[in-house]
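# Survey of secondary and tertiary structure
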Amino acid sequence: MADEKKGCSFSCTECGVQSCYKRDKDLPGLCLTTKKVKDKELEKILELYRNDELVSKLAKTAAVIEGTFYGRLTRVEEIIEFARRIGARKIGIATCVGLIDEAKVFARLLKHHGFETYGVLCKVGSRDKTEIGIPEELKVAPGCHESMCNPILQAKLLAKEKTDLNVVVGLCVGHDSLFMKYSKAPVTTLITKDRVTGHNPAAPLYLSKFYYAKLFQAEPVWKDEADAPT
């Protein structure tokens, strides 16, 4: 209640119960399930899961894999099993240039398991960042050609290839959002890029009480205003 009095909106990240999972306790008074979810709205969504062919297939397959292989399969193995169970034959790989080696290994694994693959690098199209309004000084290496990431083109090329499932391998924050927005096929993620933690973006959260306590500093973590986003 204290948060509500301060004008803050109560959401699941403020809840300490999570009784919505197993219903072994009463739902808290401000629970979204009771305060924000209308029966008619929920029923319409459940109808999607029941009757929309694609939605039903994806949701049920994900739940079956979770229940069957909980804690036993790696993410790579889960994606392979998911693709097999939804009947996917051709897998698109939207990869970052910095993770092309990992994408190549993943493609080999998919082929080994009977899938066709088609990979598209983020730098496809090879157009300089300045062409979309990025100042020269904000390139990683100013003074030379530096191709922009092109997630929309990645999505459109994979659509032309009629992929059944697309897998993100390390696209930048924001570029992954654009790829998912424009992808025609369903999208899942194999690797979430984090250049600092060796692609383990949860690491700062695990260490936020000590080594990454700087995340809770009053001032931004970048050094000065020149480093701040525009």
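Reading the values: rules and limits
- In every chain, residue numbers begin from 1 and rise along the written sequence.
- Whole-chain, interface and lining totals are the exception, using all residues; otherwise, since this is a predicted model, local features are given only for residues with pLDDT of at least 70 and side-chain atom pairs are given and counted only at 80 or more.
- Neither water nor hydrogens contribute to the side-chain values; these are computed over all heavy atoms in the structure.
- Put plainly, a pocket is an open set of points on a 1 Å grid over the protein atoms alone with protein on both sides within 12 Å along at least five of seven lines, a cavity is a set where a 1.4 Å probe fits but cannot get out, and a lining residue has an atom within 4 Å of a point.
- Grid points are joined across faces, edges and corners, and a volume is the space filled by probe spheres set on the points.
- Secondary structure elements are defined from DSSP: runs of H or I of at least 4 residues count as helices, runs of E of at least 2 residues count as strands, and each element is numbered from the N terminus.
- Two aromatic rings, drawn from Phe, Tyr or Trp (for Trp, its six-membered ring), form a pair once their centres lie within 6.5 Å of each other, and the interplanar angle then sorts them: stacked below 30 degrees, edge-to-face above 60, tilted otherwise.
- Relative accessibility thresholds used throughout: buried, under 20% of the residue-type maximum; exposed, over 50%; partly exposed, between the two (1.4 Å probe, protein chains only).
- A ring is scored as having a charge over it whenever the NZ atom of a lysine or the CZ atom of an arginine sits within 6 Å of its centre and within 35 degrees of its normal.
- Every axis in this analysis is a line fitted to C-alpha atoms, fitted for helices over the stretch in contact. Angles between the N-to-C directions lie between 0 and 180 degrees.
- If an angle is under 35 degrees, it is roughly parallel; if it is over 145, roughly antiparallel; if it lies from 65 to 115, roughly perpendicular; otherwise it is oblique.
- In this scheme, a crossing is called left-handed if the near helix is turned counterclockwise away from the far one by less than a right angle; it is called right-handed if the turn is clockwise.
- In this analysis, two residues are considered to be in contact whenever any of their non-hydrogen atoms come within 4.5 Å of each other.
- Under the grouping applied here, Gly and all other residues not named as nonpolar or charged are polar, the nonpolar ones being Ala, Val, Leu, Ile, Met, Phe, Trp, Tyr, Cys and Pro and the charged ones Asp, Glu, Lys and Arg.
- Confidence scores here are pLDDT values: one per residue, from the predictor, ranging 0 to 100.

Next up on the list: the layout of surface pockets. Roughly 700 Å³ of volume is contained in the largest pocket. Lys129, Val140, Cys172, His175 and Arg195 are the residues nearest the centre of the largest pocket, which is lined by 20 residues in total. Of all the secondary structure elements, the ones that give two or more residues to the lining of the largest pocket are α7 (151-160) and α8 (175-182).

The next point concerns the packing of aromatic side chains. Counted according to the given criterion, the structure contains one aromatic pair. When the ring of Phe210 is compared with that of Tyr211, the centres are 4.7 Å apart and the planes differ by 85°; the resulting orientation is edge-to-face. For the pair Phe210 and Tyr211, a shared accessibility class is recorded, and that class is exposed. Across from the ring centre of Tyr182, 5.9 Å away, lies the NZ or CZ of Lys181, which sits over that ring.

Further remarks concern the packing of α7 against α8. Contact pair α7 / α8: the axes reach a minimum separation of 8 Å and the direction vectors enclose 30°. Relative to α8, the element α7 lies roughly parallel. Both α7 and α8 take part in a crossing whose hand is right-handed. Residues Pro151, Ile152, Gln154, Ala155 and Leu158 of α7 touch α8, and the partners they reach there are His175, Leu178, Phe179 and Tyr182. Looking at the contact of α7 with α8 residue by residue, the class counts come to seven nonpolar, two polar and no charged.

Scored by pLDDT, the protein has a mean of 91; 91% of the residues are at 70 or more. Below pLDDT 50 for its whole length, residues 1-5 participates in four contacts with residues either more than four positions away or in separate chains.

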